[in-house]
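# What the coordinates show
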Amino acid sequence: MTFARTALRRTALATALALSLHAGLVHADDDKPAPTAAATDADTTNNRNSARQLDAVSVIAPGETRQVQSIGTDEIVRQQVPGTSALKALEKLPGVQFQAADPFGAYEWSTQINLHGFDQSRLGFTLDGIPLGTMGYGVTDGLQVTRAITTENLATVELAQGAGALGTASNTNLGGTVQFYSADPDMKPGVRFSQVIGSDSTKRTFARVDTGDHGGFSAYVSFVHADTDKWKGFGDQKTNQANLKAVYQWGDGNRISLFADSSKRKEYDYMDLSLTSQRVLGWNWDYLQPDWNSAVQMANALNGKGAYPAALNGLPADYDKGDATYYAGGGIRQDGLAGLSGSFNLGGGVTLDSTGYYHTDRGEGQWATPYQASSPTVPISMRTTDYGLDRYGLTSALKASIGNNDIEVGVWGEESNTNQERNFFPLSGQYTALYRVYNDQTPFMRAFLQHYETKTRMAYAEDTIHLLDDQLTINFGAKSLHVTTDATSRVPTTSFAQGSMKASKGFLPQAGIDYKLDANQDIYASYAKNISAYGITPFSTSQAAFDTAKTHLKPEESQTWQAGYRAHGDTFEASVGVFYTRFENRLLVVTPCPAVVTCASSLNNVGDVKSTGADLAFLWKPVQGLSWLNSFSYNKSQYQDNYVTGGNTVATADKYVVGVPKTMFSSSISYEIAGWRANLEGKYTSKRYITYTNDSAVPSYWIFNAGVSYDFGDLDVLKGLSVGLNVTNLLDKRYFASTGTNGYVASDPQGYNQTLMAGAPRQYFVNVSAKF
């Protein structure tokens, strides 16, 4: 989509939303959140709202035919440093691996979440039913949840490991879904305020104003400003974000809601490390900025003019010292997101839900690169990858309860237009500002300018049958998914292709069964089949390679089997689950050049992956105020085939999947008494392989976090004044957090591949919050 057409598209979207709500083109608010163990019968009749307002952790979902767990505001907001990504709160649940290089889990180049061996690009994410795409760093299909909503405005996060609900608005959910739900406005008017200060000059201010309820109408608007220095090197990370939510409710279950988000984010990068560069140069090795002279010396040495800086002398002779560090890197994102939803009770047990949404993003990734000189005297230039995304869509569902049957039929349609370009701008010397280069300069070279148009169409139908007085629940259904991506090269390039790719499957079944052994115990089993859209990956090859590959490529496909046991009582919740997944037609991109160099990649179908494993979770609340959550995960994910690249066979059969730990254990305990609250949590992650042949790995580690707070209660006009202290990485463990940030390689026994991120050291944060 061109910029000139954007305004017209927005107008058309607004009209379509109004018509859809008026005429009844409906949307499914995909997963119907299950009631918690403590839910009453009244709660169960309106379990969507009860789930959205969930306070604590639920490791069980009675009656669900698959593995579902959820966390509420207590875990998202109160036990973490305000502003921390909700994804980080999920890592205490079984089967969840979350990694980031910063203490907030918000630095996007490093953030990664894996479920049961599936990486982030093969999962599904939604906010109030609005698809967030894969939440990847490169803006192609969505946005990170931290840019979609301020953490304090989240009510619940629901996790489905292995197989999400049939109607989830995602075309990539091979391995599970994460669904975020925004909090509704307060029924009483008021103002909320929170201030955080801490390590690395962290300052974060949050304010929210609620109108209260006025004849069924309520709304809030919030704003947050956050600024923190990097924990190593030069630069900071800044965010300005505004949220608005307005709700109007009437009659028996009728509701219209509007959610809007505006986010601006700037972040200086942390340097990717290798096993060798960390060993020689240390955990705090980073970009050179503001040391321009050393950067110039590096660039000249790379081009055979002089020696590298003395700091690199300890690296092996065959190490690519030119890739050991660069002058600077950073990312800029500006997003707008809006969703208009309606839920209508049509009578006779029939409901109609509809949501329309629009998302726009303009972004840029920057890298000062010595691989392209600005001039004969300046051997470094600014390389930018510029992003433009406009997407809009509608999701609809009609739900009817007829006898013992809960029937649901729905559709999802999305139009997405993406521009990705790579430009080079001249530098005259040292710079220390992070700004949008292409807004006020003309590039001296353009490596590529790709335009992508993606159309997603999905329809589904399912029936949930309740038998034996609700003791037995059987769910079955299927969806049809068709995703077409058309690529156009708008400047001549040898690194990217143009053409069309379609991922399509007319019948993707899903079935499950749940049996209640008694009022407190149930067993379940489920099966699901999914495919994933190609995205833009197939076009990152030469035209000849693309033309050859498209004739035989098949979309990635997964089949997942799950079974488990759940129990709950007055003081505990427990779940045990086992899973088996077959992941077929795995597509692998091989890039034969360093990450800072633009070159054509190769794309191959490299066979299957099989995953088997088990998850255990136990939540114990023995006395009032004490809560102790423990989870354990075992995951054996292995490649099933060798693959061939460049005429050479890579022996990956029976090797473990890169970046995936075999075992994880998490323990989190919190206690509240007389206004005081304390929490301590620890997470163990076993070693992870970082090559496809498993000849290189990062070691296992433990990380602990702690917090303490005191609630003063109401003091005059201040309501709920509280003060808290959080310490992340309590024992100051030095470890590798993210892996594969620059991709994985087949073999690297010496540990030279710079694709690792160091985890943040111990950090301290103090926060004050109150209501007026």
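Everything numeric in this text was worked out from a predicted model, so none of it was measured.

The next thing to look at is the pattern of salt bridges. Counting across every chain of the model gives 31 salt bridges. The salt bridge involving Asp236 is made with Lys238; its shortest N-O contact spans 3.9 Å. Owing to a relative accessible area of 35%, Lys238 belongs among the partly exposed residues under this scheme. The partner of Asp514 in a salt bridge is Arg566, with the nearest N and O atoms 3.0 Å apart. Separated by 52 residues along the polypeptide, Asp514 in strand S20 (residues 499-518) and Arg566 in strand S22 (residues 557-568) bring together distant segments of the chain. The buried category is assigned to Asp514, whose relative accessible area is 0%.

Burial of nonpolar side chains together is a common tendency in soluble globular proteins. Judged by nonpolar contacts, the single largest core of 60 residues is most densely connected at Leu90, Leu127, Leu132 and Phe180. Broken down by element, this core gets its largest block of residues, 4 residues, from helix H5 (residues 86-90). Setting aside residues up to four positions removed in sequence, Leu132 forms contacts with Phe125, Thr126, Leu127, Asp141, Gly142, Leu143, Val145, Ala148, Phe180 and Arg391. Core analysis: the next-biggest nonpolar cluster, separate from the first, contains 35 residues, Trp231, Tyr327, Ala368 and Val378 among them.

So, on to the packing of aromatic side chains. By the definition in use, this model includes 31 aromatic pairs. Measuring from ring centre to ring centre gives 6.5 Å for Phe424 and Phe444, while their planes differ by 45°; the resulting arrangement is tilted. Of this pair, Phe424 sits in strand S17 (residues 405-426) while Phe444 sits in the loop between S17 and strand S18 (445-467); the two residues are 20 residues apart in sequence, bridging distant segments of the chain. A relative accessible area of 38% means that Phe444 is categorised as partly exposed. On the basis of an interplanar angle of 10° and a centroid distance of 6.1 Å, the ring pair of Tyr656 and Tyr689 is categorised as stacked. Linking Tyr656 in the loop between strand S29 (648-650) and strand S30 (663-673) with Tyr689 in strand S32 (residues 688-689), this pair joins segments that are 33 residues apart in sequence.

Side-chain positions along a regular strand alternate between the two faces of the sheet. Along strand S7 (residues 154-161), 8 of the 8 residues are buried, which leaves the element largely enclosed by surrounding structure. As paired elements, strand S2 (residues 69-72) and S7 share 4 bridges and run antiparallel to each other. What sits directly across from Ser70, in S7, is Glu158. By the bridge criterion, 7 bridges tie S7 to strand S8 (residues 176-182) in an arrangement that is antiparallel. Bridging across to S8, Leu154 finds its partner in Ser182.

Turning next to the confidence of the model for the chain. Averaged over all residues, the pLDDT of the chain is 89; the fraction at 70 or higher stands at 91%. Between residues 1-51, whose pLDDT stays under 50, and residues either more than four places distant or in other chains, the model counts 101 contacts.

Let's shift gears to the sheet that holds strand S1 (residues 57-58). Spatially, S1-S2-S7-S8-S5-S6 is the arrangement adopted by the 6 strands of the open sheet, whose pairing is mixed. Whereas interior strands pair on both sides, the edge strands pair on one side only; in this sheet they are S1 and strand S6 (130-131). Of the pairings in the sheet, the one linking S1 to S2 comprises 2 bridges and is antiparallel in character. Each bridged residue has a counterpart across the sheet, and for Ser58 the counterpart in S2 is Ser70.

Along helix H8 (residues 292-302), the residues classified as buried are Trp292, Ser294, Ala295, Val296, Met298, Ala299 and Ala301. With its phi angle positive at about 80°, Gly304 sits one or two positions after the end of H8.

So, on to the pairing of strand S3 (residues 96-99). Burial along S3 is two-sided: Val96 and Phe98 and Gln97 and Gln99, pointing in opposite directions, are all buried. Relative to strand S4 (residues 112-115), S3 is paired through 4 bridges, and the arrangement is antiparallel. Paired with Phe98 across the bridge in S4 is Ile113.

So, how was this worked out
Residues numbered from 1 in each chain as written. Predicted model: local features only at pLDDT ≥ 70, side-chain atom pairs only at ≥ 80, totals over all residues. Heavy atoms only, no water. Salt bridge = Lys/Arg side-chain N within 4 Å of Asp/Glu carboxyl O. Buried < 20%, exposed > 50% of the residue type's maximum accessible area, 1.4 Å probe, protein only. Helix = DSSP H or I, 4+ residues; strand = E, 2+ residues; numbered from the N terminus. Core = buried A, V, L, I, M, F, W, Y, C linked by side-chain atoms within 4.5 Å. Contact = heavy atoms within 4.5 Å. Phe/Tyr/Trp six-rings, centres within 6.5 Å; stacked < 30°, edge-to-face > 60°. Pairing = 2+ DSSP bridges. pLDDT = per-residue confidence, 0-100.

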